[in-house]
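Residues per chain, in single letters:
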Amino acid sequence: MTTAAPPTGARRRRRDDTRLALLFIAPATIGLLVFYFWPLLRGVWLSFTSWDVLTPATFIGVENYTTMFADPVFWNALRVTALYVVINIGVQTVVALLIAVLMQRLSQSILLRSLVLTPYLVSNVVAALVFLWILDFQLGVGNNILEGLGLDRIGFFTSESWVIPTIALVNVWRHMGYTALLIFAGLLAIPPNMYEAARVDGASEIRSFFAITLPLLRPILGLVLIVSVIGSFQVFDTVAVTTSGGPVDASRVLQLYIYEKAFAQFDFGYASALSVALLLLLMIVTFLQYRVTRAGQSDLS
Amino acid sequence: MTQAVAGTARNQRSRRRARTSPGRVLAWVVMIIILVVTLFPFYWVLRTALSSNAALYVDPSALGPVGLGFGAFARVFGQQSVEEAIAQGGSGASIDFWLYLRNSIVVATAVTLFQVFFSAMAAYAFSRLRWRGRNQVFSLFLLSLMVPTIFTLLPNFLLIRQLGLIDTLFGIMLPGLFMTPFAIFFLRQFLMNISTEVEEAAQIDGASKARVFFVLAIPMTVGPIATIGILTYINSWNDYFWPLMVSYTDDSRVLTVALGNFNAQTPQTGPDWAGLMAATLVAALPMLVLFMAFARRIVSSIGFSGIK
């Protein structure tokens, strides 16, 4: 991402606007300090304390972290979350790329783009409830169709092996259109004459996809991946509404575990340590992705 | 949906001569399958909401509504007596969606108005005003773009608690009132494009820079401001985790949290699917209508053009 651009052009130096500027950024700065930076510091501090909200917090050093490393539920949550992210991002990226390319080659109508975006407008809660109904074991139309096809009914939200893939796919449904539009915007930046040239040379659609589209899309695709992976790691709503972590711990993702530690067991110190772990994990994953996809550089020149 | 296909096909034909190759037909087939997967759940919600629970248990998969009626909606809006609700498969618990709807509207409206206005002010300072340290301060705002929400939720909850704002609508909206880094970033891109000549002409006419913001900058970026406003409204409306933390009673319950609870209050006879889907529809409909009104603006503004 670009940082602040240089002051526009060679404008004549006029009087300094500092006082007005300070007034104008005052509300936003309050928001930044009070609701972004202060919680950041406070969260890190709390992770070194033992605190149940009622009595004052006591500093306990790295005890929360040593507990965490020995906590099987934490490792399980990490594993479940990682599985979720892999399925969610894997399927979503492929489907979104397919939709974006189809839109680019078939039709760029606003109507089509709007229809594709529709699921993104409903909340995670709504998406979760709708699929809870569609995939209900007894009455869900999804399972009735399976049975009609001569297959066995599937306990999408009740079987340990299905629950994470199911939740991952529900969120693919909600986000694939949005992701497709992000990728689509990147596709529009590819000069159409490159495709014309390829067609003159006799290249097939599939060949031009791999020779032109994919390489030129790489920086945008990299950014899309970074943003969606960060979002994906923070899955909570869908799980909280459909399974509350069950069956057993099969869908107890990291955020849900953090929420339960804080709001069910009032262990704010430990919950903070867990969120520090999630933050570090996100930073590492983002950094690696940035390096691997070389999202900062463009081949379009 | 058939209309959609017909409409886009017509566009296509006028743009370039129709080339019907097998590959193209196959591509359309794939696209239509994707659209069916995308839109079917919406139809299914409507179909279920118009059905009755008793009929749903007998015939869960008929394509149209079964036991057609508006009982589910009546239940959602508390228009049914407890006995009537229980007889139709509801939990009989008092739910008042008008209240939750009002709470959601209050929160989303306040957050949108304040957040967009304050973000626009900051964006103006970062794009049109000249002051020392401007770029450094802006980088700090950019940095906050990378703080994941989860990390701020717990400490923010503690702060709201210390302020005594737990279980109030004000407590839910407070962290969102000031700005989001994205809104500042987005609006700054557009404010930078206002031509210097127009701005200077206004100043020669004696307008102060503060006045220029109100009479020139805001009117000239009304499009982007509307876009970010709609996106803010939708996000705030759909938010679940944060209001779930802050609200405990009906006083501050917003639609998303109420929906989560509605699901938890499963009657002994099995879930009230018709009522649940009616509630879901009520929660989703305002955003779908808002989107329909502004679809062109929203879909064309999605992309990294705002960021890069």
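Residues numbered from 1 in each chain as written. Chains lettered and ligands numbered in written order. Predicted model: local features only at pLDDT ≥ 70, side-chain atom pairs only at ≥ 80, totals over all residues. Heavy atoms only, no water.

So, unusual backbone geometry: which residues are in play, and what are the values?
Of note, the bond from Gly246 of chain A into Pro247 of chain A is cis; its omega dihedral lies within 30 degrees of zero at -10°. Looking at the element boundaries, Pro247 of chain A is found in the loop between helix 10 (237-242) and helix 11 (254-263). Here Phe266 of chain A, not a glycine, exhibits a phi torsion of approximately 50°, which is positive. Here Phe266 of chain A lies in the loop between helix 11 and helix 12 (268-293). Given the relative accessible area of 44%, Phe266 of chain A is considered partly exposed. Within the chain, Asp167 of chain B stands out as a residue other than glycine whose phi angle is a positive 65°. Mapping Asp167 of chain B onto the fold places it in the loop between helix 8 (149-162) and helix 9 (169-173). Using a relative accessible area of 16% as the deciding quantity, one classes Asp167 of chain B as buried. (Helix = DSSP H or I, 4+ residues; strand = E, 2+ residues; numbered from the N terminus. Buried < 20%, exposed > 50% of the residue type's maximum accessible area, 1.4 Å probe, protein only.)

So what's going on with the nonpolar core? Residues and values would help.
Ranked by internal contacts, the top residues of the largest apolar core, which has 206 residues, are Ile183 of chain A together with Met31, Phe97, Ile184 and Met245 of chain B. No fewer than three residues from each of domain 1 (2-87) and domain 2 (97-264) of chain B sit in this core. With near-sequence residues (within four places) excluded, Ile184 of chain B lies in contact with Ala28 of chain A together with Ser119, Ala122, Ala123, Phe126, Phe138, Phe141 and Met179 of chain B. (Core = buried A, V, L, I, M, F, W, Y, C linked by side-chain atoms within 4.5 Å. Domains from an automatic or database assignment. Contact = heavy atoms within 4.5 Å.)

Got a sec to walk through empty space enclosed by the protein? Specific residues and values, please.
The final tally for this structure, using the stated rule, is 3 cavities of 30 Å³ or more. Of the volumes computed, that of the largest cavity is approximately 80 Å³. Lining the largest cavity are Val122, Val126, Ala127, Val130 and Trp173 of chain A together with Pro41, Phe42, Val45, Thr280, Leu281, Ala284 and Leu288 of chain B. Those elements that provide at least two residues to the lining of the largest cavity are helix 5 (124-134) of chain A together with helix 2 (22-49) and helix 16 (273-301) of chain B. The element best represented in the lining of the largest cavity is helix 16 of chain B, accounting for 4 residues. Counted by class, the lining of the largest cavity contains 11 nonpolar, 1 polar and no charged residues. (1 Å grid on protein atoms, 1.4 Å probe; cavity = no way out; pocket = protein on both sides within 12 Å on 5 of 7 lines; lining within 4 Å. Points joined across faces, edges and corners; volume = space filled by probe spheres on them. Nonpolar A, V, L, I, M, F, W, Y, C, P; charged D, E, K, R; others polar.)

Just distances and angles here, no functional claims.
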